[in-house]
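Spelled out, the chains give:
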Amino acid sequence: DVKVTQSSRYLVKRTGEKVFLECVQDMDHENMFWYRQDPGLGLRLIYFSYDVKMKEKGDIPEGYSVSREKKERFSLILESASTNQTSMYLCASSSTGASEEAFFGQGTRLTVV
Amino acid sequence: AQTVTQSQPEMSVQEAETVTLSCTYDTSESDYYLFWYKQPPSRQMILVIRQEAYKQQNATENRFSVNFQKAAKSFSLKISDSQLGDAAMYFCAYQHSWGKLQFGAGTQVVVTP
């Protein structure tokens, strides 16, 4: 059974904190993605990675960074959390090739207070 | 840049009836892939159906089918014989080669008994 696991389902952090969201996949996938989901806006791509130590900016990278030191793990970092980063964060992975299905984690609902 | 537009925030359908969700996209590419994903209240995103742009034949998966109009850049999803378990948020998505998988804003499907 394929699996993408996000470290937390719910998270509450204070403004200015450094926040780490972790994502692990067990499918040996090359591609990994971080999305932000907000009502009425759908899923917006923050960053994606197509290989270890490789990353590309998505549509809304400001205020975020990522790390991919191992193939199975892709971390999203909020350098200094702000209230406008309160959102649902979804991690996904897929094999190389645009036809390949993306598999998603269950999401982390982050609240910044 | 590619954009995906879903103009229906919510659609309601009675059990056993048919509902069609619309999606349009903007791209200058000729080879790409289109997807419909379903996100139930559990938040677990799953693939419903996919379509290769180079294929003229519309994809079908059991009660789910698409109407792909490449020239019009339209990709609608038809759910036939709707069931209570079909209630979810449905996202249209676009992907060209490797890399960015981009989503629309989503359409909430409500199924009434």
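Calculation notes
- Residues numbered from 1 in each chain as written.
- Chains lettered and ligands numbered in written order.
- Predicted model: local features only at pLDDT ≥ 70, side-chain atom pairs only at ≥ 80, totals over all residues.
- Heavy atoms only, no water.
- Salt bridge = Lys/Arg side-chain N within 4 Å of Asp/Glu carboxyl O.
- Helix = DSSP H or I, 4+ residues; strand = E, 2+ residues; numbered from the N terminus.
- Buried < 20%, exposed > 50% of the residue type's maximum accessible area, 1.4 Å probe, protein only.
- Core = buried A, V, L, I, M, F, W, Y, C linked by side-chain atoms within 4.5 Å.
- Contact = heavy atoms within 4.5 Å.

## Section: the pattern of salt bridges
All names here are of chain A. Summed over all chains, the structure comprises nine salt bridges over all chains. For Arg73, the salt bridge is made with Glu22, and the minimal N-O distance between the two is 4.0 Å. Remark: Glu22 occurs in the loop between β3 (19–21) and β4 (23–25) and Arg73 occurs in strand β9 (residues 73–78); sequence separation between them is 51 residues. Taking the shortest distance from any N to any O, the salt bridge between Glu30 and Lys71 comes out at 3.9 Å. Here the residue Glu30 occupies a position in the loop between β4 and β5 (31–38), and Lys71 occupies one in the loop between β8 (64–70) and β9, the gap between them amounting to 41 residues. With a relative accessible area of 24%, Glu30 lands in the partly exposed category. Lys71 sits in the partly exposed class, given a relative accessible area of 26%. Among the charged side chains, a salt-bridge network with shared partners connects Asp28, Glu30 and Lys71.

## Regarding the nonpolar core
Counting residues in hydrophobic clusters, the biggest one holds 25 residues, and the most contacted among them are B:Tyr25, B:Trp36, B:Phe75, B:Leu77 and B:Tyr90. Elements represented by at least two residues in this core include exactly β3 (19–21), β5 (33–39), β6 (46–52), β8 (64–69), β9 (74–79), β10 (88–95) and β12 (107–112) of chain B. In terms of residues, this core owes the most to one element, β10(B), which gives four residues. The residues touching B:Phe75, leaving out its near neighbours within four places in the chain, are B:Leu21, B:Ser22, B:Cys23, B:Tyr25, B:Leu34, B:Phe35, B:Trp36, B:Gln51, B:Val66, B:Asn67, B:Phe68 and B:Cys92. Counting residues in hydrophobic clusters, the runner-up holds 21 residues, among them A:Leu11, A:Tyr47, A:Tyr64 and A:Tyr89.

## Points about the environment of A:Val24
All names here are of chain A. Along the chain, the position of Val24 falls in strand β4. The partly exposed category is assigned to Val24, whose relative accessible area is 29%. Taking the C-alpha atoms as reference, Val24 lies 8.6 Å from Ser75; in sequence the two are 51 residues apart.

## Things to note about unusual backbone geometry
Residues and elements named next belong to chain B. In the Ramachandran plot, Ala16 falls in the positive-phi region, its phi being about 75° despite a non-glycine side chain. Turning to its location among the elements, Ala16 is positioned in the loop between β2 (10–14) and β3. A relative accessible area of 48% places Ala16 in the partly exposed class.

## Observations regarding the environment of B:Leu101
Within the fold, B:Leu101 resides in strand β11 (residues 101–103). Setting aside its immediate chain neighbours within four residues, B:Leu101 contacts A:Phe33, A:Tyr35, A:Ala102, B:Phe35, B:Tyr37, B:Ala93, B:Tyr94 and B:Gln95.

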